[in-house]
Amino acid sequence: MIEARPYPAHLIETWVVGSDAGVFIRPALREDHDLVARFLSSLGKDSHYQRHFQHGAAPDLDLLQRLDAVDYRRRMALVAVTVAGSREVVVAHAEYVAEDGRAELAMVVADGWQRRGLGSHLLRRLMHCAALAGLREIHGQVLASNEPMIRLARRSGFQVLRGDDARLVVIRRALNGPDAAVEAGIPGFAAWSQSTATA
Ligand SMILES: CC(C)(COP(=O)(O)OP(=O)(O)OC[C@H]1O[C@@H](n2cnc3c(N)ncnc32)[C@H](O)[C@@H]1OP(=O)(O)O)[C@@H](O)C(=O)NCCC(=O)NCCS
């Protein structure tokens with residue numbers, strides 16, 4: 001049974017990608033299921049492969065199931081959303097699942113939105129969420145050939161380590177706890193931190 005948590009609406013932000021395009025970044029909702037499925041289906045084959053380590057165009061059912069189980073602490077997902085006409089369109093997704101104080105992350109940015117800083121920003125946001133949740137480490141598996149993600153991870157303070165599988169590297173970074181998130185000046189973190197600490 002998944003423990004219900006209040007939606008952390010204070011984590012919604014607008015962010016300017018490059019110099020001209022705005023996106024909303026917000027914690028994902030279970031109701032985002034179809035939007036996220038459409039986003040996953042729209043990925044180019046390289047992005048799909050780098051995210052899922054396998055070829056194929058089918059939406060990732062495990063990811064969609066995790067979306068149904070978000071609790072904003074041990075299971076967190078963020079989406080970056082833009083509006084096309086009157087419809088919301090997801091252009092990036094980042095998530096972690098935590099166990100024993102360690103968060104395992106994964107993320108993907110839509111092909112047309114890559115190389116404009118969105119991935120870096122989303123990773124920072126995800127790290128702050130994990131720190132706020134009291135997690136002590138964040139890590140992920142990345143294809144050893146995935147230069148963009150490895151660069152991004154290094155620049156974000158991650159170590160890059162050899163994995164058990166020769167195709168993969170492990171990226172890993174210690175988190176400094178909720179105080180670091182508050183100090184980093186994310187709006188609303190202090191209030192949410194206090195309210196969830198006493199919940
Ligand atoms: C990895 C990924 C999330 C980066 O997102 P992004 O929005 O392009 O990231 P940024 O614009 O913040 O750029 C991050 C870094 O990667 C570099 N980069 C981005 N695309 C690149 C490319 N195609 N080739 C080489 N470097 C690239 C950028 O130059 C930047 O490095 P720098 O600041 O040192 O110059 C995105 O490429 C992606 O979704 N890839 C497919 C899924 C994936 O690989 N997920 C990771 C495994 S979970």
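Residues numbered from 1 in each chain as written. Predicted model: local features only at pLDDT ≥ 70, side-chain atom pairs only at ≥ 80, totals over all residues.

Trainee: In this structure, what is going on with the overall build of the protein? I would like to understand it.
Mentor: Summing up its helical and strand segments, the protein has 7 helices and 8 strands in all. Per-residue burial over the protein gives 33% buried out of 199 residues. Taking the intrachain contacts of the protein between residues at least 6 apart in sequence as the baseline, contacts between residues at least 24 apart amount to 60%. (Helix = DSSP H or I, 4+ residues; strand = E, 2+ residues; numbered from the N terminus. Buried ≥ 20, exposed ≤ 12 C-beta atoms within 10 Å, placed from the backbone. Contact = placed C-beta atoms within 7 Å.)

Trainee: Can you help me understand the packing of helix 1 (residues 33-42) against helix 3 (residues 61-68) in this one?
Mentor: Packed helices, taken two at a time, are described by the angle between their axes plus the distance between the axes. As a packed pair, helix 1 and helix 3 sit with axes 10 Å apart at the nearest point and diverge in direction by 155 degrees. The angle between the axes of helix 1 and helix 3 places the two elements in the roughly antiparallel class. Seen along the crossing, helix 1 lies across helix 3 with a hand that is right-handed. Facing His33, Val36 and Ala37 of helix 1, the residues of helix 3 in contact are Leu64, Leu67 and Asp68. (Axes fitted to C-alpha atoms, helices over the stretch in contact; angles between N-to-C directions. Parallel < 35°, antiparallel > 145°, perpendicular 65-115°, else oblique. Left-handed = near helix turned anticlockwise from the far one by under 90°.)

Trainee: Please explain the environment of valine 79 as it appears in this structure.
Mentor: Looking at where valine 79 falls in the secondary structure, it is placed in strand 3 (residues 75-84). Take valine 79: there are 24 C-beta atoms within 10 Å of it, and that puts it in the buried class. If we skip the residues at most four places from it in the chain, valine 79 touches Arg26, Ala28, Asp32, Val36, Val90, Ala92 and His93.

Trainee: Even after reading the chapter, I still don't get the nonpolar core, so can you show me in this structure?
Mentor: Side chains that are nonpolar tend, in soluble globular proteins, to be buried together. Ala92, Leu122, Leu126 and Ala130 are the most contacted members of the largest nonpolar core, which totals 45 residues. When contributions to this core are tallied by element, the ones reaching two or more residues are helix 1, strand 3, strand 4 (87-99), strand 5 (102-109), helix 4 (118-132), strand 6 (137-143), helix 5 (147-155) and strand 8 (168-174). The element that contributes the greatest number of residues to this core is helix 4, accounting for 9 residues. When sequence neighbours within four positions are dropped, the list of residues in contact with leucine 126 reads Leu78, Ala94, Tyr96 and Leu105. (Core = buried A, V, L, I, M, F, W, Y, C linked by C-beta atoms within 7 Å.)

Trainee: Looking at this structure, how should I read the pairing of strand 4?
Mentor: Note that strand 3 and strand 4 share 10 bridges and pair antiparallel. Pairing of alanine 84 across the sheet is with arginine 87, part of strand 4. Counted along the chain from strand 3 to the antiparallel partner strand 4, the turn is 2 residues long, and its residue glycine 85 has a positive phi close to 65 degrees. For strand 4 and strand 5, the ladder comprises 8 bridges, and the chain directions are antiparallel. Residue pairing for strand 5: tyrosine 96 is matched across the bridge by leucine 105. The turn linking strand 4 back onto strand 5 is made up of 2 residues, and aspartate 100 within it adopts a positive phi angle of 50 degrees. (Pairing = 2+ DSSP bridges.)

Trainee: Help me understand the site of the ligand, please; the structure alone is not making it clear to me.
Mentor: In the region of the ligand, 23 residues are neighbours, and Gln50, Gln114, Gly119, Ser120 and Pro148 sit closest. Those elements that provide at least two residues to the shell around the ligand are helix 2 (45-52), strand 5, helix 4, strand 6 and helix 5. With 6 residues, helix 5 is the largest single contributor of residues to the shell around the ligand. The residue makeup of the shell around the ligand, split by class, is 9 nonpolar, 8 polar and 6 charged. (Near = placed C-beta within 6 Å. Nonpolar A, V, L, I, M, F, W, Y, C, P; charged D, E, K, R; others polar.)

Trainee: In this structure, what is going on with the sheet that holds strand 2 (residues 21-27)? I would like to understand it.
Mentor: Sheets are built from strands paired through backbone hydrogen bonds, the pairs being either parallel or antiparallel. The sheet built from 8 strands is open, its strands ordered 1-2-3-4-5-6-8-7 with mixed pairing. Whereas interior strands pair on both sides, the edge strands pair on one side only; in this sheet they are strand 1 (13-17) and strand 7 (159-162). Each neighbouring strand pair of the sheet contributes to a mean axis angle of 30 degrees, computed without reference to strand direction. Two elements, strand 2 and strand 3, share 4 bridges in a ladder whose sense is antiparallel.

Trainee: Is there a simple way to think about the environment of leucine 40 in this case?
Mentor: Note that leucine 40 resides in helix 1. The buried category is assigned to leucine 40, around which 22 C-beta atoms lie within 10 Å. For the pair formed by leucine 40 and leucine 63, sequence separation is 23 residues and the distance between their alpha carbons is 9.7 Å.

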